[in-house]
Structure formats: C-alpha cells, structure tokens
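Coordinate inspection notes
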Amino acid sequence: MRRHFARAGKSSVQSVLLAGTALALVAAPEAQAQDAEEPQTDDEVIVVSGIRATIQGSIAEKRDNDLIFDALAADEIGDLPALSIAEALETLTGASSHRENGGATEISIRGLGPFLSSTTINGRAATNGSGDRSVNFSQFPSELFNKVGIYKTQSASLIEGGVAGQITLETVKPIDYGKTRVQGEFKLNVNPDNLDIEEDQRFQDLGYRATLSYIDQFQLGDGELGISLGYSRNSSTNPEQEAAISNTLNYCSNVPGSGTGVFASGNCNTDRPDTAGTEDYVIAQNGYSYRQNITEDERDSFFAALQMQPGPGVDINLDFQYSKRDFREKRHDLNFSEGRRIDGAGDAFGLDYDLITGPYGELYQFTGETSIESNSEYFERREDYYGGGLNFEVEATDRLTFSGDVSYSETKRIEEATQVRMRIRDGEDIFGNEDQYPLAYQSNGSSTDDRVETAYLIAQNGSQIPNFVVLGFDPDNYDLYRDNARVRYDLESDRFNSIFSWRGDLNYEFDGFLKSVQGGVRFQELKYSDVPGASTGTSRIENVYSNEALAIANQACRTAFPESGFLSSVSGGNPLVTIVDENGNVTGSTNTFATWDALCLARTLEANDPSGLIEFDENGVPIYPDGSFDSIQNSDVREKTKAVYLQANFDGDLGGLPVLGNFGVRVVETTVSSKGFRGALTAEFDDVTGELLSISEDQSTLSEVKASNSYTEFLPSFNLTAEFQPDLLGRFAVYRAMSRPDPSSMSYGRTFNALAEGDTPIYSIEDAIGTANATGNPFSDPLMSWNADVAVEWYPDADSILAVGAYYKSFNGGFETVGRYETFTVDGQDLQTLVTTTNTTDDTSTIWGFEVTAAHRLAWLPQPLDGLGFKLSYNFADSNFEFEDDTLGAITTVNPDGTTTVSEGLIPPANIFGLSKHVLSAQAFYEIGNLELQGVYKYRSSYFQQFVSTPGRVRYVDDTGVFEARISYKLTDNIRLSAEGLNLFNEPRTDYRGTTNNIGQVLSYGPRYYFGVRARF
C-alpha cells in the first residue's frame, strides 16, 4: 500500500505570528517539546476526547490527504460539535452557509455558489428536493456521521461535478470502528420566539432531538461481520418574523410636470428607459408586507450499515439512509398591495413625507394609495429521502485490487397550501356601515374608492424594516376586511429526483517511485420531474362568495394576533403602523393586525356559499390537486453520465525531497433527454382579406415532445505534495473541472406567445415566425474551469496547524440569452418558432482568492490555562464575473431574424452566485477536567443568492455574523450533559433586491437553546 508522510514532529520554534489576521499560533517551549518526545508507558497514555479530539482528527485528515482537503473528523459518532451537517461544514475554511428558517442549509465553497459544488454520501451522489444539485444539509443530523470534509482540489478518481469543490459525508464502518457501542442522546429545544406565540396557536411548546445508535462486531467463520444502526428524531419550531417587499421591479419616471410615472394616476408606468441615467426614475415594487409565521418541523432520520470481511483481502459494505420531513406553517400577512401607486408630491395628508430615493432610484420614503389586505395561509411540505448502496473491495493478488459500488438515491418533495385573502373596500365594514375610514384621493382628484392613503418609510428613523403611516385606517379592526375574498388551494410543487449509479475500479501497485496505477468506469442516471403548481396545479376561487358568507366567516374564524414583540428587534422602537387623521394628527399606532385561521375561513366560506370547487378531507384540509397531470410547464429530465478515468499515484523522493501525489485524466460523456408538452396550435385568418391574425394554443389537449443534448469533456488533473521538513508541507495542484446545469433548468417546457409582429401582412403559416417562452434549456452546456492551487502547511504538533493557500480559477463563467428555432405544428403545418433560452457563454471569467487556517492548543500555559485552544479559518475571494438582473439589468433581446439587441443595464450587475469576499470562522475552546466550553463565531460578507423559481432575479443577502456556544460536562465515563445556544445575538437576515440599497426582506428568528444528556456504553 502507498505510504504517507510521517506525522508531524515537535518543533523548537517558540512562536509564529500570522500578520494581517491578528491571529497567533504559539508553539510550546523547547523544554516542554523535549519532554513530550520522551516515550510513554502504557500507564501514561493520555486519551484525548471531545472538542480537542475532533480538532486533532481534523488536522490529521488534512495532513494525510493527497489533495488540498479540510475535514471535521471524530473517532466517535455524535462527537462532531454541531447540530447539523451544514453547521459543521461552515466551520471549515472557505465554507459558508445560506440560512433558511434560522438554520444553515446550502453550502458555498470558496465564494462559489452551491450549484458549482457537488456532494457525496459515502462516496456517492445524493439527491435533493430543490431542483438543483446542492444538498439541503439540514435534513442530516450531525450525530449520525463521524466525518465531513471538503476536497478543494480534485483528482481523476473523484466523481466529476464540482468547479468549487466536493463535499463528502461519511458514516462509520462498524468493523473499522472496532468496538461495541450503544449510544443515546436527548436534547430539549427551547425557542424563545416560539414561546412568544399564544399558547393555543402554537403547534408545540418545546422541541427536542433524540438519537440512538448501536455498533457491534461478530465473528463470521474465519471472517468478521459488523453492524451499525442509527436513528434520529427532531421535532422543532422555526418561527420567523418577516418584513418583505415584492420581488418584482419596475422603473417609473420621476420627472415633475411630465404627467407620467409617479405624477400619473394609478400605477406608475413601467416603461423601461433605453439608457441608464437619461431620465430621473424610481424603482417601484408591487407590494409591501409583514408576515408572522408559526411552524412545526418534524424529521426522522435512519441509517444502517453492514460490513463483512469473510476472509483476507475481502471487504463488503452495505449501507442505507432514510430521512423524512413533515413541515407545517401557519402564515399571517398584512399586505399593502399596491406599492406602484406613488404620489409625486409626497404630502397628501398633512404630513411632510417627500419622495426620497437612492442612487439607482431605490425608494426610501414616499406616499401613495394602497389597498390593504390580511392574508391567512396554511402550508405543508413533505419530503422523503432514500439513499444507499453496496460496495466491495477484493485484493485479487498482493498487488491488484478490484472494487465496485452500486447505489441509489431518491428524494420526493410535495408542497401544498391553502390561502385566503381578506381585503378592504369602499370604507365599509362587514355589517354595511359606511365611512369607517377615509377613502384615498389621488393628486389628480379622481377617487380610487377602495384605497387608503399611506406613507411608506423604508428603513427610516433607526428601523431596519419598512414602517407605514395610514390615514384613518386601523389594521386591527377585523370588521373592515369585508371584500374580495379569494381562496386558493394549491399544489405548489411536486418534485422527484433520483440517481442510480454504479462504478468499477482497479488498483495495481508497483515498487519504486510510481506506487500504483488505478482506473475505473462509472455510470449514472439522474431523473428529475417537477409539477410547477403555481401555474398549473393552482385552484383559485375569487370574488364568488356573497357578502353574507364573508361576514359569517370573518366573525367565526378570527384569531388573536399570535405573537408578542412582533418585529420589535428590527423596528428600531418605531410602531409598525401609525394612524393619523386628515390633519396629520396621530390617533393611534399598532404593531399587530387582524388575523384569521386559513382552514377555518375556507371551510366556513364553502359551507355558507358553496362554490362546488373545494372538497375537504376528514381533517378539514382541502383536497389539493395532484401532480399526475401533464402540463406545458412540467419538467421531465433524464441525464445519463458515462465516465472513465486513469490515474497514476507516486510516492518517493524527487531530488532528495520527499513527494507524493497523482496525475491522471477523467473523460465524461453526458447525455440529456428532456420531455415537454405542447398544446394544439390553431391559426385564425381574416375572412375577407385572408390575413393571418393570430395563433392560439389549446392547453386542454397536449402532445409529448422530446429534446436531447450530449457533450464529452476531458478533465486532466495533477496533485503534488512535498515534505520540506517533517512538519512542513507544500502542495500544488492544477486540474480541469466541470459543473453541469441544474436539473430544473434543463426542462423542455414551452409557452407559445403569439404571432410575431411585423409590418408586412402574413397570409400563410409558412411565412410566419412564432415566438415562445422557455421554462428551461436542455441544450445548456456545462460550466468548465481550469484551476490552480498552491498551499503551505505547518504542523508543529498534533493540536496545531498553520496553513496558507491561494487559488485561481478561469472558467466560461457567464450566462446569456440565446435564440433557438424549434418547430411547432399549427393546423397540421410546421411553424419555425424562435424560443428564447439561456446558456453558458464562451466568455472567460476568473475567480481568485486565498485562505488561512490556524489551530493551536495553548498547552505551554500553566494549569489550568493549558486547556485553552482555538481554531480560525479565513477565506478571501474575488471575481470579475457579471450577472445581470432579468428585469433592470442588461438584457439581450433575440430578434425574429436571429440577430440580437443588447440594452444597457439600469442597475449594476451582481457577481457570481454565492460569492462572499470574506468568510471567517473563529472557534475558542477550553477543557478542564470533565468540563468543555466552546464558542464559535461565523461571519459571511454579503453575497448574491438566486431565487429557485426565478434564478434571473438578483437578490443580495447582507453581511451576517452568527455566534453559537456549547458547554458539556462529563458526569461519568458514560454520561455527558450539554447545553448549546445558536444565534445568541439574534442576528436577523436582511436581503436586498436588485441593488445593495433596495431592501427586499428582513427575517428575524431569534436565538435557540438546546439542553441535552448523552449516554454511551
């Protein structure tokens, strides 16, 4: 077998200072190092455990790997110091997480978004329910894994698919573990924000996490059998308080005296200027809202592993993972739904709220007329994950080893929602009483007759969120919501993702500098299907219920506002809504609003004025549409991958310098098949002139169409590690990598728009050119990159590391709008139709950066301070990548003749998805006897986070710094007590839409606490 470098020896260097990051790595004094080198008797062996053992294991994993690699490793399951895999990963250098519902989910590596990395579980690709190639790590509890890591560089033997890197998760192998272990842990979860919710409206009071695992080994004839089983149950609440602004952007003219834009009646015009800066414009958004959430999140996870070694040189592993998630949420929204009705004057009701804008027309303060509504929603998500496979390794001879693997992974996610809108109208209440609040008048004097005059203050007066001033309207008055009841019961999504794969490998060993040659083949088939319920699975009943039915439901389904202290942590002490009279005098204020039970509203409305369109199950929940139907917007993608690789591994001396590494090439062929549907197209001609007037699509009768694409890529790689001194390593790597498009972006859904416009009349289908919108592009090419890495790593002792690395990536890293002609059949005749899609460009973009890792235990300090230690990780990344917003960015328009016209961007482009220039993880720990303390600070600078359903929209997430702390006490050799706190400083998440000055939403979710006990035997 190939040898690795000797482990780090002791150093006589007194200290090393890491300038620029203000971090010190202090080595032990020489005398102490000499004492440590003296051999120990068996009675003197020190067993290291807990946080220190995890850091030692992580340092050893990094040192002994052929590639540039970072890991969090523990000999014992349940010892990774994190609640989820994502929170464990973001303590590694260069890794940062995106946070949803207060927890870490997707992981970005070295400033490249999750779509540019790949993830394996026990060496296999994993599925998800999001439609992309990232993994929702929050579904995996850290207690069920004993190692997580990130390959920063790649070799030919690694599965392709990560320009940024590859994340690897590993469960324990029972025979390799080598001992019997029964372990159970229970953690009580306390969420203060959940306890602020009215008791009768919570799903539950306290949450919990429970894990149980068993590992054992048995004799199997002349061989051995090992088994490991693990189960985890997590029941938690993740309430969010949210202030949000619509994601839809419109540019509206702000030229006084023009009579257009904000100086016109109604919604401001949305005509886009041809050139940025030619006129004064504002960015108008459709609506503004507050949301109060009540949630329940239940997850069950199970894993099993069987390891068999029936004889010498044979190792067989069978493993299985299962995760089930049931998520429920009750949402209450107060919507100011017409944000584009903007008054140019700004002082419509006696107070001076002039129009204030930002550098690109962002609105900071303005007045307008709005219709106010209270929306109640009940939302459910169910997600199941299955994964596992069979792996074997056989030593055919002393030099030749065969190995193989067969695996399958599957995720199914279903999201359903019931929403009921209650809107104000005409100044009346539900009893028909008029003049309950003043009706708004626009500046031109025409009555809007169902709107309220409102001033919008966006992050003003110390507030981080929008605040509102309204004329004479009380949002807490239930009686005023009396019109426009709309019931929606939606299948919001139905997604399925599966991966089947197999591989076969061989390794032949040599004597000498070239230690071995390995090669193999791999096949993978990915399936992805999606029913986009927002368009095709939606059932909507609007404005059909009588006023009498609405009045009954209004009164029967009221709930007290659920939460105390709503948005108080981000409102700067300002009331959310201030009420004034016609003279501008303040008559009241509120931080709450009228709320209802969504399911009760739907049932009561139907019971008193049946539409015949909604059926309910025995629990009173609407029977939602299913996802078994065909749709022109459905996704049905098949991707087959064939790969072959050859890799040579070397280990020896090169000019007296010990080196090891590998070089090789991986060849990958990818074939994509995407199925879509088309509605029958019919043409309408003028009866007199014979001119072709229009072409329409009948979506009730659909026919199946297919598209396919294939490409072959060569991925060479070279990795070199040199041992300059026994404790000083240098690494160099150069390789080519690829990242494929997300499965959801390769759909073949098409929506036929209309007949292309032209000056010349058209009299036949043959002379026509149609246009269509695409929901995806199965002809997308992968994103390819050339990469170079260099690093220097110093290992003064088992507890210490100082590593500095730099990297450079050059890739065809852009996306452009392209036109592609496809054939549509109209009345039996073929029509060439121009379909606008996106694809990767041939333009070259680059990203470069550097990273620093430092860890040390201050063992040279006098007791009891010798138990202090730290680990720090920092990554800097920068890129010249440009991503244009799909609304206000530079847009390439594909003309009917195939030529393109590029319009100038009105707002700056974003950088690459997921890029944070600065990522920092700082840990401090202290061990004294049976007591362990740990504090972790994680910082990530602002980054561009794409929307899943509309990836062309630019959204920025603001700088985020999160602090968490842990304390544990070993009560006996078998019992440990622990306490943990997450987001202790109650850091909100702030998003910006389009520009870094235009607030999109602010999410506040508060801290969370866990109190646990673990028994290990």
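Residues numbered from 1 in each chain as written. Predicted model: local features only at pLDDT ≥ 70, side-chain atom pairs only at ≥ 80, totals over all residues. Heavy atoms only, no water.

**Here's the deal with the overall build of the chain**
Going by this rule: Secondary structure elements follow DSSP: runs of H or I no shorter than four residues count as helices, runs of E no shorter than two count as strands, and numbering proceeds from the N terminus. For every residue, the accessible area obtained with a 1.4 Å probe (protein chains only) is divided by the maximum for its type, and the residue is called buried under 20%, exposed over 50%, and partly exposed between those limits. Throughout, a contact is declared for two residues whenever any of their heavy atoms are within 4.5 Å.
Within the chain one finds eight helices and 54 strands. Across the 1017 residues of the chain, 58% fall into the buried class. Considering only intrachain contacts with a sequence separation of at least 6, the fraction spanning at least 24 residues in the chain is 75%.

**Points about the packing of aromatic side chains**
Rules: A pair of aromatic rings is counted whenever rings of Phe, Tyr or Trp (Trp by its six-membered ring) have centres within 6.5 Å, and the orientation is called stacked for planes under 30 degrees apart, edge-to-face for over 60 and tilted otherwise.
Counted under the stated rule, the structure contains 36 aromatic pairs. Geometrically, the ring pair formed by Phe650 and Phe718 is stacked, given 6.4 Å between the ring centres and 25 degrees between the ring planes. Here the residue Phe650 occupies a position in strand S32 (residues 635-654), and Phe718 occupies one in strand S34 (residues 692-725), the gap between them amounting to 68 residues. Taking 6.4 Å as the distance between ring centres and 85 degrees as the angle between the ring planes, the aromatic pair formed by Tyr748 and Phe779 counts as edge-to-face. Placement of Tyr748 in the loop between strand S35 (728-739) and strand S36 (750-755) and of Phe779 in the loop between strand S37 (770-774) and strand S38 (783-794) is noted, with a sequence separation of 31 residues between them.

**Describing the state of the cysteines**
The cut-off we apply is this: For this text, the term disulfide refers to a pair of cysteine sulfurs within 2.5 Å.
For the structure shown, the criterion picks out two disulfides. Across a sulfur-sulfur distance of 1.9 Å, Cys252 and Cys268 are joined as a disulfide pair. Between Cys252 and Cys268, the disulfide has an S-S torsion of 55 degrees and is therefore right-handed. Of this pair, Cys252 sits in strand S14 (residues 249-253) while Cys268 sits in the loop between S14 and strand S15 (281-285), and the two are 16 residues apart along the sequence. Across this residue pair, the class does not change: Cys252 and Cys268 are buried. In this model, Cys557 is linked to Cys600 through a disulfide, with the two sulfur atoms separated by 2.1 Å.

**Side note on the sheet that holds strand S6 (residues 117-121)**
The condition is simple: Two strands qualify as a pair provided that DSSP identifies no fewer than 2 bridges between them. With axes taken as lines fitted to C-alpha atoms, and helix axes fitted only over the stretch in contact, angles between N-to-C directions fall between 0 and 180 degrees.
Pairing in this open sheet of five strands is mixed, and the strands run S3-S8-S9-S6-S7 from one edge to the other. Only two strands of the sheet have a single partner each, and these edge strands are strand S3 (69-73) and strand S7 (124-125). Bridge count for S3 against strand S8 (residues 147-151) is five bridges, and the pairing is antiparallel. If you follow Leu72 over to S8, its bridge partner there is Val148. Relative to the sheet, helix H2 (residues 50-64) contacts S3 and S8, its axis offset from that of S3 by approximately 150 degrees.

**Thoughts on unusual backbone geometry**
Cis peptide bonds are those with omega within 30 degrees of zero, and the linkage from Gln863 to Pro864 qualifies with 5 degrees. Note on placement: Pro864 falls in the loop between strand S42 (845-857) and strand S43 (868-879). Not every positive phi belongs to a glycine, and Ala459 is a case in point at roughly 55 degrees. Note that Ala459 resides in the loop between strand S23 (452-458) and strand S24 (466-471). In this structure, Asn986 takes a positive phi of about 55 degrees despite not being glycine. Checked against the element boundaries, Asn986 lands in the loop between strand S51 (975-982) and strand S52 (989-993). Relative accessible area serves as the criterion here: at 25%, Asn986 is assigned to the partly exposed category.

**Digging into helix H8 (residues 598-608)**
As a reminder, the rule being used: Here a polar contact is taken to be a pair of N or O atoms separated by no more than 3.5 Å, where protein atoms must pair a possible hydrogen donor with a possible acceptor and residues adjacent in sequence count only if both atoms sit in side chains.
Taken across its 11 residues, H8 has eight buried, putting it largely inside the fold. Residues of H8 that are buried: Ala598, Leu599, Cys600, Leu601, Ala602, Thr604, Leu605 and Glu606. In this structure Asp597 caps H8, since a side-chain oxygen of it lies 3.0 Å from the backbone nitrogen of Leu599.

**Notes on the environment of Glu199**
By secondary structure assignment, the location of Glu199 is in the loop between helix H5 (192-195) and strand S11 (207-220). Considered as a pair, Glu199 and Pro562 are 363 residues apart in the sequence and their alpha carbons are 8.7 Å apart.

**A closer look at the pattern of salt bridges**
Stated precisely, the cut-off is as follows: What counts as a salt bridge is simple: a side-chain nitrogen of Lys or Arg found within 4 Å of a carboxyl oxygen of Asp or Glu.
Scanning all chains against the criterion turns up 56 salt bridges. Note that Glu793 is salt-bridged to Lys62, the shortest N-O span being 3.7 Å. In this pair, Glu793 is assigned in strand S38 and Lys62 in helix H2, connecting sequence segments 731 residues apart. Residue Glu793 shares its accessibility class with Lys62, and that shared class is buried. One salt bridge connects Arg503 with Asp505, and the closest N-O pair in it is separated by 2.3 Å. Take Arg503: its relative accessible area is 26%, and that puts it in the partly exposed class. A relative accessible area of 14% means that Asp505 is categorised as buried. Put simply, Glu90, Arg99, Glu185, Lys187, Lys938, Glu964, Arg966, Arg976 and Glu980 are held in one network by salt bridges that share partners.

**Details of the side chain of Arg731**
Considering the arrangement of structural elements, one finds Arg731 in strand S35. On the accessibility criterion, Arg731 (3% relative accessible area) is buried.

**Some points on the side chain of Asn254**
Structurally, the position occupied by Asn254 is in the loop between S14 and S15. The buried category is assigned to Asn254, whose relative accessible area is 10%. With sequence-adjacent residues up to four places away left out, Asn254 is seen in contact with Val262, Phe263, Asp280, Tyr281, Val282 and Leu355.

**Side note on the pairing of strand S17 (residues 314-336)**
Bridge analysis of strand S16 (residues 288-309) against S17 gives 21 bridges, and the strand direction is antiparallel. Directly across from Ala304, in S17, lies its bridge partner Phe320. Hairpin connection from S16 to S17: four residues lie between these consecutive antiparallel strands, with Gly313 at a positive phi of about 80 degrees.

**Section: the packing of helix H7 (residues 547-556) against H8**
Condition: Working rule for handedness: look at the near helix, and if it is turned counterclockwise from the far one by less than a right angle, call the crossing left-handed; if clockwise, right-handed.
At a minimum axis separation of 9 Å, H7 and H8 run at an interaxial angle of 145 degrees. Judged by the twist between their axes, the crossing of H7 over H8 is right-handed. Every residue of H8 that contacts H7 at Ala549, Leu550, Ile552, Ala553, Asn554 and Ala556 is listed here: Cys600, Leu601, Thr604, Leu605 and Asn608.

**Regarding the environment of Glu377**
Along the polypeptide, Glu377 turns up in strand S21 (residues 372-395). Note: C-alpha distance between Glu377 and Ala417 (40 residues apart in sequence) is 6.8 Å. If we ignore the near neighbours within four places in the chain, the residues touching Glu377 are Arg291, Glu329, Lys330, Arg331, Ala417, Thr418, Gln419, Glu492 and Ala598. Within the structure, the side chain of Glu377 is placed 3.3 Å from the side chain of Gln419, a separation counted as a polar contact.

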